Amino acid sequence: MSRNQNNNDEEVDLGSLFIIIGRGFRNFFNFIGNIFKEIFHRFILILIFLRAHLVKFMIAGLIGGSIGAFIEYSKEDKYVSNLIVQPNFESTKQLYKNITYYNNLIKQEKLDQLASIFDIDTTKASSLKKFDITPVINKNDVIDAYDEFITKVDTLTVKSYDFEEFENSFTDFDYLNHDIEVVATQSDIFINLEKVIIESVENNLYFNRIKKLTNENLSIRDSILRVTFNEVDSLRSVYMKAMIEGAKNNSTGTNIDLGGNNKLAKENELFEIDRRIIYDLNKTSDEIANKSDVINVISNFQSIGSEVKGITKNYIFIMAVGFILLTLFLILLVELNSYLANYKKD
């Protein structure tokens, strides 16, 4: 009797459990369903609002587009050209300062100074509209800089300064390449600007001194590596001859070469040294090529600039969207005012 009662109690408990789980699932799906219903309801309200004010938005867009068309067809055509450079010897900040200075002269309309700096007449100087410089973002620059950093500091510093912290401290000046963009109303003026921009940094006495010392050190390192390479190569030749002679003696059966293994180990060691010297020579040659100038030019200004185009730079689009957004703001302001007035009455 008691056993049957226990079985009945267990069945009741399981039934209650399934009922609770079922209610939980039902509540969960009801919750998800209510979210989608609310989203759909809000979407319909937005469509109703747009439908109610569609004519106003169309009139606003038409007026804005008409004003934009007048501005678009009466403005001067603009052209753009880009110069991509790779500054050395921490000269990036100086380059940024110079570009900012040129842009400030344009903003202040100091055409005589611009003409004097770039050795052009004031008419061409007046065609210059903007100077800008930005880094060429490359994640490999951050990784390479971090690899170089960990080779120069001790293990404790590396452990306390992980890659994420290093990446957060990486600034625009730390990237390898930088893009100088110039906007002008004359399409053929850019070729006259490149030499002045580069020489404004190249002629700096401090950077020239650093370049001279760096190139001298690289030349000395290159010479030492080449001499060392020749000496190691000669020593390898001596070991090879000795090993060949030893092999000949062993083949006659008259001598037993107990130092054969030692010579082979020495030969392997010399080969490894040879390999490291070749690697260092290649690295030094790359550094000599890259550090021969204060600023390396990766890509020159185009002789003829590209016309500035694009929907986001088109005044018809800008003014049409602007007027539509202004109309939307005014409608919302009126409805908010009406809601507040009715709320006060209630």
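Small disclaimer: the values here were computed from a predicted structure and weren't measured.

Undergrad: Looking at this structure, how should I read the overall build of the protein chain?
TA: Tallying secondary structure elements over the protein chain gives twelve helices and five strands in all. Taking contacts inside the protein chain between residues at least 6 apart in sequence as the whole, the part at least 24 apart equals 83%. As displayed, the protein chain has an accessible area near 24300 Å², and 58% of this comes from carbon and sulfur atoms.

Undergrad: Would you mind going over unusual backbone geometry with me for this structure?
TA: Residues other than glycine predominantly adopt negative phi, and peptide bonds predominantly adopt the trans conformation. In this model, Phe-89 sits at a positive phi of 60 degrees, which is unusual for a non-glycine residue. Of note, Phe-89 is situated in the loop between strand 1 (79-87) and helix 3 (92-107). Residue Glu-109 is not a glycine yet carries a positive backbone phi of 55 degrees. As for its position among the elements, Glu-109 is in the loop between helix 3 and helix 4 (111-118). Accessibility expressed as a relative area gives 64% for Glu-109, which makes it exposed.

Undergrad: Please explain the pattern of salt bridges as it appears in this structure.
TA: A side chain with one charge may pair with a side chain of the opposite charge, provided their charged atoms come close. By the definition in use, this model includes two salt bridges. Note that Arg-42 is salt-bridged to Glu-38, the shortest N-O span being 2.9 Å. In this pair, Arg-42 and Glu-38 are both assigned in helix 1 (residues 2-52), four residues apart and thus about one turn of the helix distant. Between Arg-226 and Asp-222 there is a salt bridge, with the nearest N and O atoms lying 2.8 Å from each other. Placement of the pair is Arg-226 and Asp-222 together in helix 10 (residues 205-252), with a separation of four residues, close to one helical turn. The class of Arg-226 is partly exposed, set by a relative accessible area of 42%.

Undergrad: Can you help me understand the nonpolar core in this one?
TA: Nonpolar side chains tend to gather and get buried jointly when the protein is soluble and globular. Phe-118, Leu-128, Phe-131, Ile-180, Leu-193 and Ile-197 are the most contacted members of the largest nonpolar core, which has 32 residues in total. Listing elements by their share of this core, those giving two or more residues are strand 1, helix 3, helix 4, strand 2 (128-135), strand 3 (178-184) and helix 9 (194-202). Top contributing element to this core by residue count: helix 3, with six residues. Ignoring anything within four residues of it in the chain, the contact list for Phe-131 reads Ile-99, Tyr-102, Asn-103, Ile-106, Phe-118, Glu-181, Val-182, Leu-193 and Ile-197.

Undergrad: Is there a simple way to think about a positive patch on the surface in this case?
TA: On the surface, Lys-78, Lys-107, Lys-129, Lys-130 and Lys-313 cluster together into a positively charged patch. Of note, Lys-313 is situated in the loop between strand 5 (306-307) and helix 12 (315-345). Exposure remark for Lys-313: the relative accessible area of 48% places this residue in the partly exposed category.

Undergrad: What's the story with helix 4 in this structure? I'm lost.
TA: For an α-helix, the turn length of 3.6 residues means that residues three or four places apart are oriented alike. Along helix 4, the residues classified as buried are Leu-114, Ala-115 and Phe-118. Seen along its axis, helix 4 keeps its buried residues to an arc of 100 degrees; they face one direction. Of the exposed residues in helix 4, those oriented more than 90 degrees away from the buried face are Asp-112 and Ser-116. Each element contacted by the buried residues of helix 4 is listed here: helix 3, helix 5 (122-127), strand 2 and helix 9. Backbone geometry just downstream of helix 4 places Asp-119 in the positive-phi region, at approximately 55 degrees.

Each value, and the rule that gives it
Residues numbered from 1 in each chain as written. Predicted model: local features only at pLDDT ≥ 70, side-chain atom pairs only at ≥ 80, totals over all residues. Heavy atoms only, no water. Helix = DSSP H or I, 4+ residues; strand = E, 2+ residues; numbered from the N terminus. Contact = heavy atoms within 4.5 Å. Areas by Shrake-Rupley, 256 points an atom, 1.4 Å probe, with all protein chains shown as cover. Buried < 20%, exposed > 50% of the residue type's maximum accessible area, 1.4 Å probe, protein only. Salt bridge = Lys/Arg side-chain N within 4 Å of Asp/Glu carboxyl O. Core = buried A, V, L, I, M, F, W, Y, C linked by side-chain atoms within 4.5 Å. Patch = residues over 30% accessible without salt bridge, like charges linked within 9 Å, V, L, I, M, F, W, Y side chains within 5 Å. Lys, Arg positive; Asp, Glu negative; His and termini not counted. Charge placed at Lys NZ, Arg CZ, Asp CG, Glu CD. Arc of directions from axis to C-beta.

Keep in mind these values describe shape, not function.
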